[in-house]
Structures are given as structure tokens and as C-alpha cells.
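Read off the chains here:
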Amino acid sequence: MDELDPVIHAQARLRIVSALATLDPGESITFPRLLELLDMTAGNLSTHLRKLEDAEYVSVTKTHQGRTPVTYLELSKLGRRAFEDYTDALRALLGAP
Amino acid sequence: MNANKLDDDAALDPPLDPAAMLALMQREQREMPRRMARQIPWILLAWGIAWFVGFGMLWLIDGARPMFSVPLVVSVAVFIGVQIGAVVVSAIIGARSGRGIKSSPAAAFTGTVYGVTASAAFFSMWVFAAGLQANGMDKDLQTIFFPTAMGIVIAILYSIAGAIWHAIPAIVMGAGILVVSLIAPFFGYPNHYLFLALAGGAVFFAGAISVGIYARGSSAR
């Protein structure tokens, strides 16, 4: 298991990264929309996002729509690469093509 | 990244075995587009109703004579009403489906070009029809020309949308709408309207059911 990236290798963070990886590069999603799509609690999502952000796998952009603050989340280049490496490592471990 | 923090976290959210983690990842990637598509069937249903009711009403102007006839003004008003209704439903649900997602500049450009091209295509069709009218196309021929020309434009737009956004159902529906639109003129007035109502409506209803089954295939998240 040493080869598997510990930042991604947790159920909640794998779900988050997998979901964000389905967006095109450069595409981002708001926190509430991601929360709705993943059906996680806000606290749980925040906690895991912070860990992904600390590892620079997720970039967070805070902006405003009118007067309402909006937070957009996006898998960074580093995060996308780490996810691909994680997937390859997982497949290699399982001997999958 | 603080390794201790991750170790603490691993106790609360322990990883599964590799096979289960791979399955979790694949399920998440499979279900994200499904969750995003959950409301699309309502758009297709609205267009199915618009075709079925709209063209059905146009058929009822002369199609069921001498037993029954709907006045031209009423039929045309209902036809326009259901088309506008479907446009409104599409706009509202389309906006809801895409809420919270900010496109990349490249995707935004594609979307804008697609939207402008769609508007230009419908406008061009109307200008072409006006040109044909100016050259003597009579009213009987107009009733044949308009629905098929509209159907061809819609079919092409569906297929291109399917190609851009990798949506196979849109490509299949585009093909279905094209076939229906091209066959319809051979029924002649007024039965081409009945064919468009039944077969055209059926394409959209089948699309709504197919996408609905696909979208409901996601887990209860």
C-alpha cells in the first residue's frame, strides 16, 4: 500500500477527487453543488477538501455573485496528475489493465 | 501535508482494500454524469408534449374532417404556445442542471458558438422560407416545408450537441428526428402532421425514458 498516495487513499477524498476529475480541466464547481452531488455533510466535505487543498490537489477560488460569496473548487494540475498516478498504482496493485 | 493529520483521518475514514477503492472510484466517475443528467428527461418530455400536442392540433384542422375540426387560429395558437412552453422549460431546467458549474474558457466558447449557431440556423430557415414564398411557394407547400425544415435543423443540432458533449442519446435522437422529418412529407397534408405528432413525439418520449432510466441508475445520492 506504500505506493498509494495517502492524500487520495481515503474513501471520502477518493470520492471527491474522482468526482472533480470528471469535470474538464479548467472547469470548476461550487461547494454547495459538489455537496449536493456527493451527498456528504458540509463538515465532512470541508474537512477533506482542506486536506486536498493543503496538498495543492484542489484549488479554491473565492468570488462573488452580486453580494453573495461563492467558492469554486477545481482539481489542480497536480491533483489531476496525482489522481492519474493513484489510479495507475491501484490498477498495478490489482494487476488490472 | 501533515502526515499525522492524515494518520488521524485514516482512523476515521479508513481506506478499503484496493479492489474496493477502485470500484468506489469507478462508481463515482460513472455516477457523476448521471447525477448531472437527472433533470434532462423533463426537457425531453416537454419537447415530446410540444411535438405531440402541437402537431396533433395542426392535424386536427383538417385531418379528422368531416367529424371534427379545430379552427386554424386555435390550432396555431396552441402549437406556438406549446413550443414556447418547451423553450421555457428547457431554459429553466438547463440553467438548473448547469448551476454551480463554471465552464472552462474553451467550453464556454463552444457553448456560446453552439447557441448562436442554433439561433442562426432557425433564423436562416425562416429567411429561406420567406425567399421561397417570394418565389411563389404556395400555402399548401409551406405546411410541408416548415415542419420538415425545422425538424432537419433540430436533428442536426441534437447530433452536434451529442458530438460536442459526448452524449450518445442526443446523437440517436438527432438521427430519429431526421428520419421522422424526412419521411413526413410523403404522407402529404394533413397526415404529415399526424405522423410528426406520433413519430416525432415518440422520439422525444423514448429519449426522456432512456435518459430517465440512465439517470436513475445512479445510487440514491
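Every chain begins its residue count from 1, and numbering advances along the sequence as written. Each chain takes a letter, starting from A, and each ligand takes a number, starting from 1, following the order in which they are written. Under the rules for a predicted model, residues below a pLDDT of 70 receive no local features and side-chain atom pairs below 80 are neither given nor counted, while totals for whole chains, interfaces and linings still include all residues.

This paragraph deals with the overall build of chain B. Only DSSP runs of H or I reaching four residues or more are called helices, and only runs of E reaching two or more are called strands; each is numbered from the N terminus. Tallying secondary structure elements over chain B gives 8 helices and 1 strand in all. Here the C-alpha radius of gyration of chain B, 23 Å, is well above what a compact globule of 221 residues would show, namely 17 Å. Principal-axis analysis of the C-alpha atoms places the extent of chain B at approximately 80 × 40 × 25 Å. Per-residue burial for chain B yields a buried fraction of 23% across its 221 residues. Placing C-beta atoms from the backbone, we regard two residues as in contact once those atoms come within 7 Å. Expressed as a percentage of contacts within chain B between residues at least 6 apart in sequence, the contacts between residues at least 24 apart total 68%. Throughout, radius of gyration means the C-alpha value; the globule benchmark is 2.2 Å times the number of residues raised to the power 0.38. The exposure scheme places C-beta atoms from the backbone and then counts, for each residue, the other C-beta atoms within 10 Å of its own, assigning buried at 20 or more, exposed at 12 or fewer, and partly exposed in between.

Moving on, we come to the overall build of chain A. A count of helical and extended segments in chain A gives 4 helices and 3 strands. Each helix and strand of chain A, ordered N terminal to C terminal, gives the series α-β-α-α-β-β-α. Each principal axis of the C-alpha distribution contributes one length, and for chain A these read about 50 × 25 × 20 Å. Within the span of chain A, comprising 97 residues, buried residues form 36% of the whole. Considering only intrachain contacts with a sequence separation of at least 6, the fraction spanning at least 24 residues in chain A is 57%.

Attention now goes to the nonpolar core. Membership of the largest hydrophobic core comes to 32 residues, with the highest contact counts inside it found for Leu44, Trp47, Trp51, Phe55, Ile177 and Leu196 of chain B. Elements with a contribution of two residues or more to this core: helix H3 (40–62), helix H4 (72–97), helix H6 (139–164), helix H7 (168–183) and helix H8 (191–216) of chain B. In terms of residue count, the dominant contributor to this core is H3 of chain B (14 residues). Discounting chain neighbours no more than four positions away, the residues touching Trp51 of chain B are Leu196, Ala197, Gly200, Gly201 and Phe204 of chain B. Ile8, Val17, Ala55 and Phe83 of chain A belong to the second-largest nonpolar core, a separate cluster that totals 28 residues. Put simply, a nonpolar core is a cluster of buried Ala, Val, Leu, Ile, Met, Phe, Trp, Tyr and Cys residues tied together by C-beta atoms within 7 Å.

By definition, the strands of a sheet pair up through backbone hydrogen bonds, in either a parallel or an antiparallel sense. With respect to topology, 4 strands assemble into an open sheet ordered E2(A)-E3(A)-E1(A)-E1(B), the strand pairing being antiparallel. In this open sheet, the two strands that pair with only one neighbour each are strand E2 (58–65) of chain A together with strand E1 (101–102) of chain B. Note on pairing: DSSP must find at least two bridges between two strands before they are called paired. In the sheet, strand E1 (residues 28–30) of chain A pairs with E1 of chain B via 2 bridges, with the strands oriented antiparallel. Bridging from a neighbouring strand, Ile29 of chain A pairs with Ile101 of chain B of E1 of chain B.

This part covers the packing of helix H1 (residues 11–21) of chain A against helix H3 (residues 42–54) of chain A. Residue and element names in this part refer to chain A. Here an angle of 0 to 180 degrees is reported between the N-to-C directions of two axes, which are lines fitted to C-alpha atoms, with helices fitted over the stretch in contact. Two elements in contact, H1 and H3, have axes separated by 10 Å at closest approach and are oriented at 75 degrees. With respect to H3, the element H1 is oriented roughly perpendicular. Two secondary-structure elements touch here, H1 through Ala12, Arg13, Ile16 and Val17 and H3 through Asn44, His48, Leu49, Lys51 and Leu52. Residues are grouped as follows: nonpolar covers Ala, Val, Leu, Ile, Met, Phe, Trp, Tyr, Cys and Pro; charged covers Asp, Glu, Lys and Arg; every other residue, Gly included, is treated as polar. Of the residues assigned to the contact of H1 with H3, the class counts are 5 nonpolar, 2 polar and 2 charged. Should an angle fall under 35 degrees it is taken as roughly parallel, and over 145 as roughly antiparallel, whereas 65 to 115 is taken as roughly perpendicular and any remaining angle as oblique.

Counting residues at the interface gives 32 residues for chain A and 29 residues for chain B. Sorting the residues of the side of chain A that touches chain B by element identifies H1, E1, helix H2 (31–38), H3 and helix H4 (77–94) of chain A as the ones contributing at least two each. Partitioning the side of chain A that touches chain B into residue classes produces 17 nonpolar, 8 polar and 7 charged.

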